[in-house]
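# Secondary and tertiary structure notes
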Amino acid sequence: MTKAAVVLLAATVPATFAVGLLIADGKRDAGDPLIRLLLLLVTATLGVAVILLINAWMTKNSSVSDGTDPASRRRVKAALRDGSTSDPQVDALARKEAEQQVRRRWVPWALGVVMALQVLHAISTDRTSTRWTAGLGAVVWAVVLYQHWRTTQRARRYLAGRPTAETAEAGHGPA
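These lines cover the structure that appears in this document, whether it is placed above or below.

The rules we used
- Residues numbered from 1 in each chain as written.
- Predicted model: local features only at pLDDT ≥ 70, side-chain atom pairs only at ≥ 80, totals over all residues.
- Heavy atoms only, no water.
- Helix = DSSP H or I, 4+ residues; strand = E, 2+ residues; numbered from the N terminus.
- Areas by Shrake-Rupley, 256 points an atom, 1.4 Å probe, with all protein chains shown as cover.
- Phe/Tyr/Trp six-rings, centres within 6.5 Å; stacked < 30°, edge-to-face > 60°.
- Buried < 20%, exposed > 50% of the residue type's maximum accessible area, 1.4 Å probe, protein only.
- Salt bridge = Lys/Arg side-chain N within 4 Å of Asp/Glu carboxyl O.
- Contact = heavy atoms within 4.5 Å.
- 1 Å grid on protein atoms, 1.4 Å probe; cavity = no way out; pocket = protein on both sides within 12 Å on 5 of 7 lines; lining within 4 Å.
- Points joined across faces, edges and corners; volume = space filled by probe spheres on them.
- Nonpolar A, V, L, I, M, F, W, Y, C, P; charged D, E, K, R; others polar.
- Axes fitted to C-alpha atoms, helices over the stretch in contact; angles between N-to-C directions.
- Parallel < 35°, antiparallel > 145°, perpendicular 65-115°, else oblique.
- Left-handed = near helix turned anticlockwise from the far one by under 90°.
- Core = buried A, V, L, I, M, F, W, Y, C linked by side-chain atoms within 4.5 Å.
- Expected span 1.5 Å × (residues − 1).

### Remarks on the overall build of the protein chain
Assigned secondary structure in the protein chain consists of seven helices and zero strands. Going from the N terminus to the C terminus, the protein chain shows its helices and strands as α-α-α-α-α-α-α. Accessible surface for the protein chain amounts to roughly 11,400 Å². Of this, 65% is attributable to carbon and sulfur atoms.

### Regarding the packing of aromatic side chains
The tally for this structure, following the rule as stated, stands at one aromatic pair. Seen in terms of ring centroids, Tyr146 and Trp149 are 5.9 Å apart; in terms of plane orientation they differ by 35°. Their pairing is tilted. Separated by three residues within a single helix, Tyr146 and Trp149 lie in helix α6 (residues 128–160), roughly one turn from each other. Its relative accessible area of 44% is what places Tyr146 among the partly exposed residues.

### Some thoughts on the pattern of salt bridges
Tallied over the entire structure, the rule returns two salt bridges. With a shortest N-O distance of 3.7 Å, Arg81 and Asp82 are connected by a salt bridge. By relative accessible area, which is 45% here, Arg81 ends up partly exposed. Asp82 sits in the exposed class, given a relative accessible area of 53%. Of the charged contacts, one joins Asp91 and Arg95 as a salt bridge, the two residues approaching to 3.4 Å between their closest N and O atoms.

### A closer look at the environment of Ala94
Within the secondary structure, Ala94 is located in helix α4 (residues 88–103). For the pair Ala94 and Tyr158, spaced 64 residues apart in the sequence, the C-alpha separation amounts to 8.1 Å. Setting aside residues no more than four positions away along its own chain, Ala94 makes contact with Val76, Ala79, Leu80 and Tyr158.

### Some remarks on the layout of surface pockets
Size it by volume and the second largest pocket reaches roughly 150 Å³. Lining the second largest pocket are Pro33, Arg36, Leu37, Leu40, His121, Arg127, Ser129 and Thr130. If one sorts the elements of the lining of the second largest pocket by residue count, helix α2 (residues 33–60) sits on top with four residues. Split by residue class, the lining of the second largest pocket holds three nonpolar, three polar and two charged.

### Structural notes on the packing of α4 against α6
α6 packs onto α4 with a crossing angle of 130° between their chain directions and a minimal axis gap of 9 Å. Taken together, α4 and α6 sit at an angle that is classed as oblique. Like other packed secondary-structure pairs, α4 and α6 cross with a definite hand, here left-handed. For the pair α4 and α6, contact is made by Asp91, Ala94, Arg95, Ala98, Glu99, Gln101 and Val102 and by His148, Thr151, Thr152, Ala155, Arg156, Tyr158 and Leu159, respectively. Residues of the contact of α4 with α6, tallied by class, amount to six nonpolar, four polar and four charged.

### Concerning the nonpolar core
By size, the foremost hydrophobic cluster in this structure holds ten residues: Val76, Ala79, Leu80, Val90, Leu93, Ala94, Ala98, Val102, Ala155 and Tyr158. At the level of secondary structure, the elements contributing two or more residues to this core comprise α3 (70–82), α4 and α6. Considering each element in turn, this core owes the most residues, five residues, to α4.

### As for α3
Its 13 residues place the ends of α3 18 Å apart at the C-alpha level, agreeing with the 18 Å of an ideal helix rising 1.5 Å per residue. Taken together, the buried positions of α3 are occupied by Ser72, Val76, Ala78, Ala79 and Leu80. Here the buried face of α3 lies against α4 and α6. Once α3 finishes, Gly83 follows within two positions and takes phi at roughly 100°, a positive value.

In C-alpha cells, the structure reads:
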C-alpha cells in the first residue's frame, strides 16, 4: 500500500508540471477541458495516495502488526474472514484486531460524508465530464464504505463467537 501511495504521489509531479507547461505556453487557459481533466486527475491521484497512506498508517499501528510475522497476520485475516480458528495465539490476535475494527466508529461517517460530497458535486455541476467523474468518485467511495461495513460485520461476528479455552484462560475473552 505504501509503495502504491509513493508511486501515485510521484506520478502527480510530472502531471502537475505538464499542466504548468500547458498553461505557461499561452495557448491554453485554466478553463480548457484538457487542463481541467489533468487537474482533476492530479487531485484524484493525490486523494487516493493520501487514503493509501492513512490506511497503511492505520494498519501499521494496529494491534495485529505489533511484533507479528507476516504468516501470523495472514492467519489472523483468515480467522476473521472464516469466523473462527483453533489456534489460541491467532484467536487472541484476531480478537484484538476485531475489537480495534469495531471501535473505529468514525470511519463510516467520514466515508459517508466524502461520498455525499461527491454526489452533491455530481448533481450540482453543468459539465458532463465533471458529472461523470464525480459520479465515478461517489461509486468508488460507496465501494470503500461497503468494504469497511463488511469488515466491521466480520469483526463483530468473530467477537460474538466463542473463544478457544486457552484464549479465555489468558484473559482475552469470555469462556
